[in-house]
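Breakdown of the fold
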Amino acid sequence: MEGWGPTGAAGAAGGLVLSILISLTTEGCRAQKGDACGPSVLGPSSGTLSSLGYPGTYPNQSVCEWEISVPRGNRIHFHFAELDIEDGDCQVNYLRLYDGVGLERSEIVKYCGLGLKVKELIASTGNQVTVQFMSRTHRRGRGFYLSYSAAEHT
Ligand SMILES: *[C@@H]1O[C@H](CO)[C@@H](O)[C@H](O)[C@H]1NC(C)=O
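To start, this report covers the structure provided alongside it. On a predicted model such as this, the values are computed, not experimentally measured, just so you know. (Residues numbered from 1 in each chain as written. Predicted model: local features only at pLDDT ≥ 70, side-chain atom pairs only at ≥ 80, totals over all residues. Heavy atoms only, no water.)

1. Details of the state of the cysteines
What counts, and what does not: By definition, disulfides here are pairs of cysteine sulfur atoms that lie within 2.5 Å. In DSSP terms, a helix is any run of H or I states spanning at least four residues, a strand is any run of E spanning at least two, and both are numbered starting from the N terminus. Exposure categories follow from relative accessible area, calculated using a 1.4 Å probe and restricted to protein chains: below 20% of the type maximum is buried, above 50% is exposed, and the middle band is partly exposed.
One pass over the full model with this rule turns up two disulfides. Linked covalently through their sulfurs, C37 and C64 form a disulfide whose S-S length is 1.8 Å. Its S-S torsion of approximately 95° makes the covalent link between C37 and C64 right-handed. Of this pair, C37 sits in the loop between strand 1 (31-34) and strand 2 (41-42) while C64 sits in strand 4 (residues 62-69), and the two are 27 residues apart along the sequence. Each of the two residues, C37 as well as C64, counts as buried.

This is the structure we're talking about:
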């Protein structure tokens, strides 16, 4: 780090912060943001996600987005253990999955409704997805609980 700015402890701390930032942006694109995020485990080969308060109902006026990445050359398969989202207005109460993250993403599927059963296989085309959960005013609905796993392209 010669000639790179602060030296000594401050420089070392700066270098550490920089390398953490770099590792977050290059590999560990597993992140969440929003105020309706329930417990989640976002692993590189499998994980689980849920709405806040699950299996109780989720709060009014809340949102959460999770970004999931698995190794290159893999797709992401989803299993929905529970989908129970009050559908007074599906424009604002839903669980939505996107292929990709950020501005490049495109919708795979969107769900709303109480007690939904998903029979078909839901899979991404690439190795990254965004999971988005949104709620406005509602009274019931347990929210959602899902798991994912990485699967190699065939
Ligand atoms: C959401 O707000 C409505 C109206 O204020 C209220 O009746 C309802 O109980 C709230 N739902 C939750 C989950 O807090």
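Let's pick the thread back up.
2. Quick word on the site of the ligand
Rules: A molecule or strand has a residue near it when one of that residue's heavy atoms lies within 4 Å. What qualifies as a polar contact is a pair of N or O atoms within 3.5 Å, subject to a donor-acceptor requirement within protein and to the restriction that residues adjacent in sequence count only when both atoms come from side chains. Surface accessibility in these figures is a Shrake-Rupley result with a 1.4 Å probe; residues are shielded only by whichever protein chains are displayed. All amino acids are sorted into three groups, where Ala, Val, Leu, Ile, Met, Phe, Trp, Tyr, Cys and Pro are nonpolar, Asp, Glu, Lys and Arg are charged, and the leftover types, Gly among them, are polar.
By nearness alone, every residue bordering the ligand is listed as T57, Y58, N60, T137, H138 and R139. Taking N60, its side chain carries an N or O atom lying 2.3 Å from an oxygen atom of the ligand. Within the backbone of H138, an N or O atom sits 2.7 Å from a nitrogen atom of the ligand. Protein chains shield 50% of the accessible area of the ligand, which is 360 Å² for the free molecule. Tallied by class, the residues present in the shell around the ligand amount to one nonpolar, four polar and one charged.

3. Overview of the environment of L52
For clarity, the cut-off: Residue contacts are counted whenever heavy atoms from the two residues lie within 4.5 Å of one another.
Within the secondary structure layout, L52 lies in the loop between strand 3 (46-50) and strand 4. L52 sits 91 residues away from G143 along the chain, and the two C-alpha atoms are 7.9 Å apart. With near-sequence residues (within four places) excluded, L52 lies in contact with D35, A36, C37, G38, T57, Y58 and P59.

4. Considerations on the packing of aromatic side chains
Filter applied, for reference: Any two of the Phe, Tyr and Trp rings considered here, Trp counted by its six-membered ring, make a pair once their centres fall within 6.5 Å; the pair's planes then place it as stacked at under 30 degrees, edge-to-face at over 60, or tilted in between.
Under the counting rule described, the total for this entry stands at seven aromatic pairs. Centroid distance F78 to Y148: 6.5 Å. Interplanar angle 50°. Geometry classified as tilted. Taken together, the residues span a long stretch of sequence, with F78 in strand 5 (residues 74-85) and Y148 in strand 11 (residues 143-152) at a distance of 70 residues. Taking relative accessible area as the criterion, F78 reaches 6% and is therefore assigned buried. Residue classification places Y148 among the buried positions, given a relative accessible area of 2%. Look at F133 and F144: their rings are 5.3 Å apart centre to centre, the planes differ by 50°, and that puts the pair in the tilted class. You can see F133 sitting in strand 10 (residues 128-135) and its partner F144 sitting in strand 11, a full 11 residues away along the chain. Residue class for F133 comes out buried when judged on its relative accessible area of 0%. When its relative accessible area of 0% is taken as the criterion, F144 is described as buried. Among the aromatic residues, those joined into a ring-pair cluster are Y58, W66, F133 and F144.

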